[in-house]
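Each chain, letter by letter, is given below.
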Amino acid sequence: MDVKMDQVPVVNSNGLLTRLPYAAGVLRQDERATQRLSLLNALLMVSLEDITLERQLLSALDLLLTIPWFPLQPQAAVFLVGDDSKVLEMAASRGLPEAVRAECVRVPFGRCICGRAAASGESGFTDCADVHQEVPCDAMSARGYYSIALRQQGRVLGVLALYLKEGRRTDPEEAEFLEVIASTLVGIVARSQATEHIRRLLTENRQLNQRLIALQEEEYRHLARELHDEIGQSVAAIKTEAA
């Protein structure tokens, strides 16, 4: 089949790829596999960029939301476990209504769909018509919801939230692909957190060295004053005896 590219690559002002060129029309399995590989390669490139974690996650969401054969609403979010190990914090989002953003800034484990995915450590698809949640799906104009747990060595790092278009239900192939995406996002998050941890340790080490140097300098000044006083007294005593 002849494949016509109906999009061109889009690169933002930071040089990051935010949209991949995809073929128009129905795709063969091998063509779709090629496009998946292109997306994964683009995500890996994002992970190597020297930018903040939030900007990396936003770039990743931009890439995900441009896949034409993946029936997603233009709405998505990434939640990460914060200082409180039982609370998700919204780290990046695209297209969410302000009310939803405000409601979901912090999501305790077990609350709503994302919180339940974090608590169980299991990814899943939810039909919004079949479940009660604290943030109604009506606010999202979506009827299906993927909550993909981001796990590393059995530990939940966060949740990827994606919204399906109305009338579309889960697909095993899509779910499998999203787990691969989740693994890539885990790599981005883990690398960023490790880099930040090293940066924090280096900063603390530098501050400690500065305090040690300041203490040494103060000790040197104290010794110098004591020596000055002792020598002054000795000189005065010698002059007295000489007189």
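My aim in this report is to walk through the structure given alongside it, one point at a time. (Residues numbered from 1 in each chain as written. Predicted model: local features only at pLDDT ≥ 70, side-chain atom pairs only at ≥ 80, totals over all residues. Heavy atoms only, no water.)

Another point: the side chain of T66. Residue placement: T66 occurs in the loop between helix 2 (53–64) and strand 3 (72–81). Here L63 takes part through its backbone oxygen, which lies 2.8 Å from a polar atom of the side chain of T66. (Helix = DSSP H or I, 4+ residues; strand = E, 2+ residues; numbered from the N terminus. Polar contact = N/O pair within 3.5 Å; in protein donor to acceptor, adjacent residues only side chain to side chain.)

Below, the discussion takes up the environment of Y163. Relative to the helices and strands, Y163 is located in strand 8 (residues 155–164). Here Y163 falls in the buried class, since its relative accessible area comes to 6%. A sequence separation of 88 residues divides Y163 from Q75, and the C-alpha atoms of the two residues are 6.3 Å apart. (Buried < 20%, exposed > 50% of the residue type's maximum accessible area, 1.4 Å probe, protein only.)

Moving on, we come to the packing of aromatic side chains. Evaluated as defined, the whole model comprises two aromatic pairs. With 5.4 Å between their ring centres and 65° between their planes, F125 and Y146 make a pair best called edge-to-face. Here F125 is found in strand 6 (residues 124–127), whereas its partner Y146 is found in strand 7 (residues 144–152), with 21 residues between them in sequence. Given a relative accessible area of 22%, F125 falls into the partly exposed group. According to the relative accessible area criterion, Y146 is buried, its value standing at 1%. The lysine or arginine in question, R36, covers the ring of F177, its NZ or CZ lying 4.9 Å from the ring centre. (Phe/Tyr/Trp six-rings, centres within 6.5 Å; stacked < 30°, edge-to-face > 60°. Lys NZ or Arg CZ within 6 Å of the ring centre and 35° of its normal.)

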